[in-house]
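Spelled out from the first residue to the last, the chains are:
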There are 2 protein chains.
Amino acid sequence: MAELTTIAVDVMGGDSAPRAVLDGIAQALSENPSIQVIACGLPEVVEPFAAAHERCEAHACSEVIAMDEHPANAVRRKKDSSIVVGCRLVKEGRAQGFFSAGSTGACLSAATLVVGRIKGIKRPALGQILPAYEKPTLLLDVGANADCKPEYLVQFGLMGAVYMHQLMGVDSPKVGLLNIGEEEEKGSEFALECHKALAEHLPAFAGNAEGRDLLTGEFDVVVTDGFTGNVVLKTVEGASKTMFRYIKDAFMTSLATKLAALLVKPSLAKVKTKLSPDTYGGAPLLGVKGAVLVGHGSSNARAVANGIAKAAETVEADVAGVIAAKLGEEGAA
Amino acid sequence: MAELTTIAVDVMGGDSAPRAVLDGIAQALSENPSIQVIACGLPEVVEPFAAAHERCEAHACSEVIAMDEHPANAVRRKKDSSIVVGCRLVKEGRAQGFFSAGSTGACLSAATLVVGRIKGIKRPALGQILPAYEKPTLLLDVGANADCKPEYLVQFGLMGAVYMHQLMGVDSPKVGLLNIGEEEEKGSEFALECHKALAEHLPAFAGNAEGRDLLTGEFDVVVTDGFTGNVVLKTVEGASKTMFRYIKDAFMTSLATKLAALLVKPSLAKVKTKLSPDTYGGAPLLGVKGAVLVGHGSSNARAVANGIAKAAETVEADVAGVIAAKLGEEGAA
């Protein structure tokens, strides 16, 4: 029998926790026979659930970190919270991966403090797969580091390329720098420094990417600081939501358009799924010694199940191990 | 008879120049009896056109600034280019406004060097109206200043509020700071400094705006540095383009969806127009002594006509005068 991949799951995190998370675990277990889950949460929530499901173990925690708590403080104080405990299970090797739809900041803090950085990585980065048209594009950092140095972005590029190669099967990932023009002399002072550092130290660097290149698939990986990345990610989400509102209005204008809506509904639903942040199963935190994935706060059961499966894939593809090896090889920045 | 508003137009600028620009001037003149145009361009282009159109004067120029020239250098060297000449006409009071769909960088340089900054304005900013759902939102700076100081953003907020009040009739414009969280302690070091400066010096400041708030209409004005603003603007354009590609695919999947496409086409075309950058007639450069508007490089005749009309509205609303007065009053930063 093949070995099972163990994913610790924060059952208490997310707007629809614990219900959506429990349902998501159940889906992930039934869809992936090679996954086992350690459900971390309040005992009255996780124990009956684990008793009723195969390949699921309960790990009782006495605390929960709320969405609005100060991340670093909460992680330091609440040592028995589901987020800190989940990360500790990874640290101790009892789980290989961790998934949470809870406070992103707390997950980043706990992953960095408890799971720990890969040796040589200056800053872990949060990545997000964007639903670009031709093929997916990984944007990072989308919020782990609001202020960055050029050498961080070189490492983000290296880690992003490993992720796209190992997990998405991209042969020679093209890494772009998010900037305000294609020409290398364009940009803020910081962007110019980053361009120089990337050109010197990252073999996969393919030049500047503009905002309009993020959703075409032109680049496999786009690196930026966590401030710009977070703003851009939320802009894409907001733009997609607003577009659907406009389109819904267009379908409501007359009897003919309402008929059209009925006819095209199933096809449009597929587009909506493709564009949904849930589809890609959460944002990987790259640069820590384990597979840590953070889901959207609004994750439903489907998103949680995708996140757990993606965490297992990240383990199986040994993303952290390959990053460590590459770092030694290319010695990036 | 009412006084005419005179707009100088760069006939040589834009991907489809001079044809689209000439057609746009003709449309603007026929739609707006109170506008007259000074067409700046090569004599063989502008002279026959002006001869054939009422309220249109030709101003022959011997040079053209290409899209890929270094903006500041080109403006310094090509003193008889259509962009520099158009700005000089504003400076000399022979025109009150200037419109170009040519090199944005060259327009910014020429407007700053030739038309000149309003006294007290540290940096002019380029604004762009975003097609937010409830009501339009003005984003600035979208590219005039890649590197900014907090006091610039305070002035961007003041100028943006004047624009939305004078031109869009917004009573008490709400100004937001583009940031990565709603809470005031969120953000990069720069964003934190900006938050503080805005809270201290700008009465219209209403807190942080996130990427997802840009297209809801939650804020009337959103300020950011020109790097982030440009990236975000191009992300919105790219997202909208990708969405329409996905939706087009959805309509092509079966006979039923193709029928749906026929039925909803006219309604969807209206949505597309609403989302098009052409609809709002170019990006105003705020902070210079005159109404300067820069159109998209891909401007068609409709976009040029809208840009000319918007430049005239900006003159009539005395945006530059009100900014100068407000600056004296509130003494922002």
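Rules behind the numbers
Residues numbered from 1 in each chain as written. Chains lettered and ligands numbered in written order. Predicted model: local features only at pLDDT ≥ 70, side-chain atom pairs only at ≥ 80, totals over all residues. Heavy atoms only, no water. 1 Å grid on protein atoms, 1.4 Å probe; cavity = no way out; pocket = protein on both sides within 12 Å on 5 of 7 lines; lining within 4 Å. Points joined across faces, edges and corners; volume = space filled by probe spheres on them. Helix = DSSP H or I, 4+ residues; strand = E, 2+ residues; numbered from the N terminus. Nonpolar A, V, L, I, M, F, W, Y, C, P; charged D, E, K, R; others polar. Pairing = 2+ DSSP bridges. Axes fitted to C-alpha atoms, helices over the stretch in contact; angles between N-to-C directions. Contact = heavy atoms within 4.5 Å. Salt bridge = Lys/Arg side-chain N within 4 Å of Asp/Glu carboxyl O. Polar contact = N/O pair within 3.5 Å; in protein donor to acceptor, adjacent residues only side chain to side chain. Parallel < 35°, antiparallel > 145°, perpendicular 65-115°, else oblique. Left-handed = near helix turned anticlockwise from the far one by under 90°. Expected span 1.5 Å × (residues − 1). Buried < 20%, exposed > 50% of the residue type's maximum accessible area, 1.4 Å probe, protein only.

Student: Is there a simple way to explain empty space enclosed by the protein in this structure?
Tutor: Rolled over the atoms, a probe as big as a water molecule pinpoints where empty space is left. A complete count under the given rule lists three cavities of 30 Å³ or more for this structure. Here the largest cavity defines a volume of roughly 50 Å³. Residue lining of the largest cavity: Leu153, Leu177, Leu178, Phe190, Ala191, Cys194, Thr224 and Asp225 of chain A together with Phe227 of chain B, and that is the complete set. It is helix α7 (residues 189–201) of chain A that contributes the most residues to the lining of the largest cavity, three residues altogether. Looking at the second largest cavity, the residues that line it are Phe227 of chain A together with Leu153, Leu177, Leu178, Phe190, Ala191, Thr224 and Asp225 of chain B. Secondary-structure elements contributing two or more residues to the lining of the second largest cavity are β7 (175–178) and α7 (189–201) of chain B. Each residue belonging to the lining of the second largest cavity can be placed in one class, and the counts come to six nonpolar, one polar and one charged.

Student: How do you make sense of the sheet that holds strand β1 (residues 5–10) of chain A when you look at a structure like this?
Tutor: Strands pair in a sheet through their backbones, by hydrogen bonds, and they do so in one of two ways: parallel or antiparallel. All names here are of chain A. The strand order across the open sheet built from eleven strands is β3-β2-β1-β4-β11-β10-β5-β6-β9-β7-β8, with neighbouring strands paired in mixed fashion. Both edges of this open sheet fall to β3 (56–60) and β8 (205–209), since each of them pairs with a single strand only. Each adjacent strand pair in this sheet contributes to an overall mean axis angle of 25°, direction not counted. Pairing analysis gives three bridges linking strand β7 (residues 175–178) to β8, with the strands arranged parallel. Paired with Val175 across the two strands is Phe205, which belongs to β8. Relative to strand β4 (residues 97–100), helix α4 (residues 82–91) is tilted by about 165°, and along the sheet it contacts β1, β2 (35–41), β3 and β4. Across the sheet, helix α6 (residues 150–168) lies against β5 (125–130), β6 (137–140), β7, β9 (221–223) and β10 (283–286), angled at about 160° from β9, the strand it touches most.

Student: Any chance you could explain the interface of chain A and chain B here in plain terms?
Tutor: Counting residues at the interface gives 51 residues for chain A and 51 residues for chain B. There are four salt bridges connecting chain A and chain B. The tally of links between chain A and chain B comes to 22 residue pairs in polar contact (both at pLDDT 80 or more). Secondary-structure elements contributing two or more residues to the side of chain A that touches chain B are α7, α8 (226–251) and α9 (255–275) of chain A. Residues belonging to the side of chain A that touches chain B are distributed by class as follows: 28 nonpolar, 13 polar and ten charged.

Student: When you look at unusual backbone geometry in this model, what are you seeing that I'm missing?
Tutor: The residue after Ala17 of chain A, namely Pro18 of chain A, is reached through a cis peptide bond having omega -5°. Looking along the chain, the bond that leaves Leu140 of chain B and enters Asp141 of chain B is cis, with omega of 0°. Summarising the element assignment, Asp141 of chain B is placed in the loop between β6 (137–140) and α6 (150–168). Not every positive phi belongs to a glycine, and Asp318 of chain A is a case in point at roughly 50°.

Student: Please clarify how the packing of α6 of chain A against α7 of chain A should be interpreted in this entry.
Tutor: Helix-helix packing is characterised by the crossing angle of the two axes and by the distance between the axes. Residues and elements named next belong to chain A. Running from amino to carboxyl end, α6 crosses α7 at an angle of 50°, the nearest separation of the two axes being 8 Å. Judged by the inter-axis angle, α6 sits oblique to α7. Of the two possible hands of crossing, α6 and α7 adopt the one that is right-handed. Contacts between α6 and α7 pair Pro150, Leu153 and Val154 from the former with Phe190, Glu193, Cys194, Ala197, Leu198 and His201 from the latter. The residue makeup of the contact of α6 with α7, split by class, is seven nonpolar, one polar and one charged.

Student: Any chance you could explain helix α5 (residues 104–115) of chain A here in plain terms?
Tutor: In an α-helix, one turn spans 3.6 residues; hence positions three or four apart end up facing the same way. Residues and elements named next belong to chain A. Taking 1.5 Å as the rise per residue, α5 with twelve residues should run 16 Å; its terminal C-alpha atoms sit 15 Å apart, in good agreement. Taken together, the buried positions of α5 are Ala106, Cys107, Leu108, Ser109, Ala110, Ala111, Val114 and Val115. Where the residues of α5 are buried, they touch α3 (71–77), α4, β4, β5, β10 and β11 (291–294). Looking at the residues trailing α5, positive phi occurs at Gly116, about 95°.

By themselves, these are just geometric observations and shouldn't be taken as functional.
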